[in-house]
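What follows is each chain in one-letter form.
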Amino acid sequence: MRVTLRAARMNKGFTQDEAARYLGIKKDTLSNYERGKTYPNIPVLRRMEKLYEVAYDNLIFLPLDNALSVTSSNTSHDTT
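Rules used throughout
Residues numbered from 1 in each chain as written. Predicted model: local features only at pLDDT ≥ 70, side-chain atom pairs only at ≥ 80, totals over all residues. Heavy atoms only, no water. Salt bridge = Lys/Arg side-chain N within 4 Å of Asp/Glu carboxyl O. Helix = DSSP H or I, 4+ residues; strand = E, 2+ residues; numbered from the N terminus. Buried < 20%, exposed > 50% of the residue type's maximum accessible area, 1.4 Å probe, protein only. Core = buried A, V, L, I, M, F, W, Y, C linked by side-chain atoms within 4.5 Å. Contact = heavy atoms within 4.5 Å. Arc of directions from axis to C-beta.

**What about the pattern of salt bridges?**
As enumerated under the stated definition, the model contains three salt bridges in all. Notably, a salt bridge pairs R9 with E34, separated by 2.6 Å at the nearest N-O pair. Of the two residues, R9 is situated in helix 1 (residues 5-11) and E34 in helix 3 (residues 27-34); the sequence distance between them amounts to 25 residues. Residues R9 and E34 agree in their burial class; the two are buried. The closest approach of N and O atoms between K12 and E53, which form a salt bridge, is 2.6 Å. A residue pair is termed long-range when its members are at least 10 positions apart, and K12 in the loop between helix 1 and helix 2 (16-23) and E53 in the loop between helix 4 (42-52) and strand 2 (59-60) qualify at 41 residues. On the accessibility criterion, K12 (35% relative accessible area) is partly exposed.

**What to know about the environment of T29**
With respect to the helices and strands, T29 occurs in helix 3. By relative accessible area, T29 is classed as partly exposed at 25%.

**Re the nonpolar core**
Grouped together as the largest cluster of nonpolar side chains are 16 residues, with contacts concentrated most on L23, I25, L30, Y33, M48 and Y52. Of all the elements, helix 4 adds the most residues to this core, at five residues. Residues in contact with Y33, not counting those within four places in the same chain, are L5, I25, T38, Y39, P40, V44, M48 and F61.

**Focus: helix 2**
Taken together, the buried positions of helix 2 are Q16, A19, A20 and L23. All buried residues of helix 2 project into a common sector of 100° when viewed along the axis, lining one side. Turning to helix 2, the residues buried within the fold contact helix 1, helix 3 and helix 4. Just downstream of helix 2, G24 is the residue with a positive phi angle, here 75°.

This is how it looks when you write it as structure tokens:
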């Protein structure tokens, strides 16, 4: 299951302060990761995997409200 960084943190019951402290980064840095403004390096990603118990390839680096959605359209194109 793919989850955003924020959802992964919240699923484990961590505040940004708690998670940032464990990850060895500043709260503002974690906030930037969660908002997709900046991205973590490999050592931080590994600590995130451990803390959140989610493989890095299942982490989504965009907040849900910025994620793209796909909608289908049932519009028919009459060629007659």
